[in-house]
Amino acid sequence: MSDLLERLRGRGWRMTSQRRVVAEVLDGDHVHLTADEVHARAALRLPEISRATVYNTLGEMVSLGEVIEVATDGRAKRYDPNAHRPHQHLVCSVCGTIRDVHPAGDPLADLPVGERFGFTVSDVEVTYRGVCPACA
């Protein structure tokens, strides 16, 4: 069973065949699919799955905190199942490919106290941009 499926089951999420196939499509490292890509891959496994079901399922997974919604540069939102593994993203500015990266250090610790302006900072999002080898 996949890590995402295990996490969803652990939360008591009712596992229908449609929800299962969406979770299976999303499972893995460096997975950052759009909703349309999830639907296309899910339909190969379960032809009757509707686009609305995929969108609703993705929305539920995001609401549960089991999937991260990633939006970059006005492109379609992408869905990242690595919600419980702290990481940043490396994005190709040409084709939009997204890779998970794990730089050394704690980005939260890198923000000096004087630059926090009294905020209690709870989360950090860092996006590295560049050109991937395929587009270079």
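Per chain, residue numbering runs from 1 following the sequence as it is written. Where totals are concerned, whole chains, interfaces and linings use all residues; where local detail is concerned, this predicted model gives features only for residues with pLDDT of at least 70, and gives and counts side-chain atom pairs only at 80 or more. Hydrogens are left out, water is left out, and the side-chain values use all remaining heavy atoms of the structure.

### Overview of the pairing of strand β4 (residues 88–92)
Then, in step 1: Note on exposure labels: buried denotes an accessible area under 20% of the residue type's maximum, exposed denotes more than 50%, and partly exposed covers the range between, all computed with a 1.4 Å probe on protein chains only. The secondary structure listing takes helices from DSSP runs of H or I that are at least 4 residues long and strands from runs of E that are at least 2 residues long, numbered from the N terminus. Among the five residues of β4, four are classified as buried, and the element is accordingly described as predominantly covered.
Then, in step 2: Here a strand pair is declared whenever DSSP counts at least two bridges between the two strands. Taken together, the four bridges between β4 and strand β5 (residues 98–101) define a ladder with antiparallel strand orientation. When the sheet's bridge partners are listed, valine 91 is paired in β5 with isoleucine 98.
Then, in step 3: Connecting β4 to the antiparallel partner β5 that follows it, the hairpin turn spans five residues, and glycine 96 within it adopts a positive phi of roughly 90 degrees.
Then, in step 4: The pairing of β4 with strand β6 (residues 127–130) spans four bridges and is classified as parallel. Bridge pairing links histidine 89 to threonine 127 in β6.

### Thoughts on the environment of alanine 104
Then, in step 1: Mapping alanine 104 onto the fold places it in the loop between β5 and β6.
Then, in step 2: Residue alanine 104 is classed as exposed on the basis of its relative accessible area of 79%.
Then, in step 3: Taking the C-alpha atoms as reference, alanine 104 lies 23 Å from proline 133; in sequence the two are 29 residues apart.

### Considerations on the nonpolar core
Then, in step 1: Note on terminology: a nonpolar core comprises buried Ala, Val, Leu, Ile, Met, Phe, Trp, Tyr and Cys residues joined through side-chain atoms within 4.5 Å. Val22, Leu26, Val38, Ile49, Leu58 and Met61 are the most contacted members of the largest nonpolar core, which totals 21 residues.
Then, in step 2: Contributions of two or more residues to this core are made by α1 (3–10), α2 (17–26), α3 (35–45) and α4 (51–64).
Then, in step 3: Take this core: its biggest share by element is five residues, from α2.
Then, in step 4: Setting aside residues up to four positions removed in sequence, methionine 61 forms contacts with Leu8, Trp13, Arg19, Val22, Ala23, Leu26, Glu66 and Val67. Contacts were defined at the residue level, with two residues in contact if any of their heavy atoms lie within 4.5 Å.

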